[in-house]
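Here is what each chain is made of, one letter per residue.
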Amino acid sequence: MPELIEVCPVAELKPGERRLVEWEDLEIGVFNCAGSLYAIEDRCSHDDGPLAEGEFDQESCTVECPRHGSLFDLRTGKPKTLPAYVPVDTFPVIIEDHTIKLEVE
Amino acid sequence: MAATDTSQASKVLSENEQLRGINADYEERYGFHDAENYLYKAPKGINREIVEKISEFKSEPQWMRDFRLKALDHFFARPQPTWGSPMLAEVDYDNIHYFVRASERAERSWDDVPEDVKRTFDRLGIPEAERKFLSGVGAQYESEVVYHQVREDLEKQGVIFKDMDSGLREHEDLIREYFATVIPPNDNKLAALNSAVWSGGSFVYVPPGVHVDMPPQAYFRINTESMGQFERTLIIADEGSYVHYVEGCTAPTYSESSLHSAVVELIAKPGARIRYTTVQNWSQNVFNLVTKRAVAYEDATVEWVDCNLGSKLTMKYPSVYLMGERAHGEILSIAFAGKGQHQDAGGKIIHAAPNTTSNIFAKSISKDGGRGSYRGLLEIAKGAHGSRSKVVCDALLLDDESRSDTYPTIRISEDDVNVGHEATVSKVGDDQLFYLMSHGISENEASKLIVNGFIEPITKELPMEYAVEMNRLIELQMEGSIG
């Protein structure tokens, strides 16, 4: 059964900004790409290092793994460059009562 | 009687000559150097200013300049790797010239190449090879390509074979789409360095269905002492196409070390096949730290044939990511480590799609205290069911002082697969030598025979001209190894 978790009020995550949330043993990066919100697992599929703190480009809607440079598409979780080749998990983002929420299970 | 004496004497003389050791004629064949009449030679050391200057010299678009500067930050931020070889600690990044320009542009006619540079390549036999069995040649001298030519009929079929600098000027969109997608600048410290200061190398594009029957070749030459050569190669074989690319390299012997750090990216689209052959014969003052990686999509094949004879230290593990169903990857690696050399070679194959197949065959020979290492990765990802792979790494030790190490890693995340791994280390045994010598073969010849038999499965995969050269080099490496 999916569960909704709160991230922050919409006004607190402006375009080009990101936020890290924790839920159980999961860490999730939430990104505002020029007004669209996306959430991906904070783990590079190449060597399990942190991903969401890497360079974020809202124009191409990508985040770059800070460890080995794989570029991930925030919309799909798919790596656009090697060395990672397995997609990371993505999570549906919902806005309810001016609050950003994530659907997790 | 007198005739016999003479023949005996000449036999002794020739055996004495053979005792000269590793790459005995390297000095006369490749070890010479030219006077430096350069248009520009950067001072030693690396900084933002040098990187900006390289970009400015090449009149690059802003995105490439930004790419270089970002890569430079990655290079500075990363520590020097501590794995692989203790020799890595000897690399002094502040004692290297990062850019040397020998010529104004890449010429299409040998006549237009500067006289002394032309003489070098004439001496190395490049124009002759081009006439006889190549479809194109790129000759890189120091930082840049000084001569570049491709057969006209291939150009008409849409084949692009350019030096990377011209490629960027003339096919910017294509390069922007694929450049650094296989090896991002932050992949490792050396890839970051190459991304910051890259210069030269080849850009190859083969249109769908086109088969390039004769190989194009790139020849890399370092002339200056304490020089860094950082070529960048990108090969894209479009659907159903085929290309075999060959590269070779030499340098003069100096007391100060030089650094060669290339990045090579191969992209084999569905049904395409790329074979990439390297005969590495750098002089023994060169650190050869190279990143080579390929992707193979559905039904595509990528083969690396990697022969390492020269350099002080080589660290190079060509890899293939099998991304599409039924893709095939093949790595054939020979490493010969003589006195003072460490060849840390091997390969990596990643099965990321179902029913993919691969082979890694690695052979290393160590003599006179040289060290040969096999370092490999075989990975089968979840979902790559029905995949098959075979890894064979064999090491031959020619004496008691030499060393061989094997570092194989195998990661399998799928049940329905077939993986084989074999590794052997052997020493040329007295009984083998005795057996051959009992048939009237000299000790030297006998050990050469054993080595030739050992590497034959790989040399037979080389184009004939290169197999001959390879055998000649191996023979030279072998001379004087026994007794």
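Basis of the calculations
Residues numbered from 1 in each chain as written. Chains lettered and ligands numbered in written order. Predicted model: local features only at pLDDT ≥ 70, side-chain atom pairs only at ≥ 80, totals over all residues. Helix = DSSP H or I, 4+ residues; strand = E, 2+ residues; numbered from the N terminus. Rg over C-alpha atoms; globule rule 2.2 N^0.38 Å. Buried ≥ 20, exposed ≤ 12 C-beta atoms within 10 Å, placed from the backbone. Contact = placed C-beta atoms within 7 Å. Nonpolar A, V, L, I, M, F, W, Y, C, P; charged D, E, K, R; others polar. Axes fitted to C-alpha atoms, helices over the stretch in contact; angles between N-to-C directions. Parallel < 35°, antiparallel > 145°, perpendicular 65-115°, else oblique. Left-handed = near helix turned anticlockwise from the far one by under 90°. Pairing = 2+ DSSP bridges. Core = buried A, V, L, I, M, F, W, Y, C linked by C-beta atoms within 7 Å. Domains from an automatic or database assignment. pLDDT = per-residue confidence, 0-100.

A few words now on the overall build of chain A. Helix and strand content of chain A: 0 helices and 10 strands. When the helices and strands of chain A are read in sequence order from the N terminus, they spell out β-β-β-β-β-β-β-β-β-β. Taking 13 Å as the expected radius of gyration for a compact globule of 105 residues, we find that chain A reaches 13 Å, a close match to that expectation. Across its three principal axes, chain A shows a C-alpha extent of roughly 40 × 30 × 15 Å. Classification of the 105 residues of chain A by burial places 36% in the buried group. By sequence separation, contacts in chain A at least 24 residues apart represent 42% of the contacts at least 6 residues apart.

Turning our eyes to something else, we now look at the interface of chain A and chain B. The interface of chain A with chain B comprises 9 residues on the first partner and 13 residues on the second. Across the side of chain A that touches chain B, the residue classes break down as 5 nonpolar, 4 polar and no charged.

Here we come to the packing of helix α4 (residues 62-77) of chain B against helix α10 (residues 189-197) of chain B. Residue and element names in this part refer to chain B. Axis separation between α4 and α10 bottoms out at 7 Å; the angle between their running directions is 150°. Our classification of the angle between α4 and α10 gives roughly antiparallel. The handedness of the crossing between α4 and α10 comes out as left-handed. On the side of α4, the interface is formed by Phe67, Arg68, Ala71, Leu72, His74 and Phe75, while α10 contributes Lys189, Ala192, Leu193, Ser195 and Ala196.

For the rest of this paragraph, the subject is the sheet that holds strand β5 (residues 56-57) of chain A. Residue and element names in this part refer to chain A. Within the open sheet, the 3 strands sit side by side as β5-β6-β7. Their pairing is antiparallel. In this open sheet, the two strands that pair with only one neighbour each are β5 and β7 (71-73). As defined by bridge partners, strand β6 (residues 62-64) adjoins β7 across 3 bridges and the pair is classed as antiparallel. Paired with Val63 across the two strands is Phe72, which belongs to β7.

Another point: the sheet that holds strand β10 (residues 99-104) of chain A. Residues and elements named next belong to chain A. Pairing is antiparallel in the open sheet, where 3 strands are placed in the order β1-β10-β9. Sheet topology places β1 (3-9) and β9 (93-96) at the edges, where each strand pairs with a single neighbour. Between one strand axis and the next, the sheet turns through 35° on average, direction left out of account. Bridge analysis of β1 against β10 gives 6 bridges, and the strand direction is antiparallel. Paired with Pro9 across the strands is Thr99, a residue of β10.

Turning to the nonpolar core, a few remarks are in order. Residue and element names in this part refer to chain B. In terms of nonpolar packing, the biggest core is built from 156 residues, with Ala268 and Ala296 touching the most fellow members. Per-element accounting of this core gives the leading share, 7 residues, to strand β14 (residues 286-296). Domain assignment of the residues forming this core places at least three in each of domain 1 (1-21 + 443-483) and domain 2 (22-442). Sequence-distant contacts of Ala268, defined by excluding residues within four places in its chain, comprise Ala237, Arg273, Ile274, Ala294, Val295, Ala296, Tyr297, Ala300, Thr301 and Val302.

Residues and elements named next belong to chain B. Within the secondary structure layout, Pro216 lies in strand β7 (residues 216-221). Take Pro216: there are 26 C-beta atoms within 10 Å of it, and that puts it in the buried class. Each C-alpha atom, one on Pro216 and one on Gly136, is 4.3 Å from the other, the two residues being 80 residues apart in sequence. Leave out the neighbours within four places in its chain, and Pro216 touches Leu134, Ser135, Gly136, Val150, Phe161, Val204 and Tyr245.

Glancing now at the domain arrangement of chain B. In many analyses, interface size is given as the accessible surface area lost on bringing the parts together. Residues and elements named next belong to chain B. If you check the domain split of chain B, you get domain 1 (1-21 + 443-483) and domain 2 (22-442). Listed by partner, the interface residues are 27 residues for domain 1 and 30 residues for domain 2. Elements with a contribution of two residues or more to the side of domain 1 that touches domain 2: α12 (443-459) and α13 (464-478). If you tally residues by element for the side of domain 1 that touches domain 2, the top one is α12, at 12 residues. Across the side of domain 1 that touches domain 2, the residue classes tally to 15 nonpolar, 5 polar and 7 charged.

The next subject is the pairing of strand β6 (residues 202-206) of chain B. Residue and element names in this part refer to chain B. Most of β6 is tucked away, with 5 of its 5 residues classed as buried. On β6, burial covers both faces: Ser202, Val204 and Val206 on one face and Phe203 and Tyr205 on the other are all buried. As paired strands, strand β5 (residues 160-163) and β6 are joined by 4 bridges and run antiparallel to one another. Bridge pairing in β6 places Asp163 opposite Ser202.

The next point concerns the packing of α12(B) against α13(B). All names here are of chain B. Direction vectors running N to C along α12 and α13 enclose 145°, while the axes themselves pass 11 Å from each other. Regarding α12 and α13, the two cross each other, and that crossing is right-handed. For the pair formed by α12 and α13, the contact residues are Ser447, Lys448, Val451, Asn452, Ile455 and Thr459 on the first element and Ala467, Met470, Asn471, Ile474, Glu475 and Met478 on the second. Its residues placed into classes, the contact of α12 with α13 shows 6 nonpolar, 4 polar and 2 charged.

Here we come to the confidence of the model for chain B. Residues and elements named next belong to chain B. For chain B, the average pLDDT comes to 89, and 94% of its residues sit at 70 or higher. Predicted confidence for residues 1-22 stays below pLDDT 50, and this span has 14 contacts to residues more than four positions away or in other chains. Predicted complex, confidence summary: ipTM 0.89, pTM 0.91.

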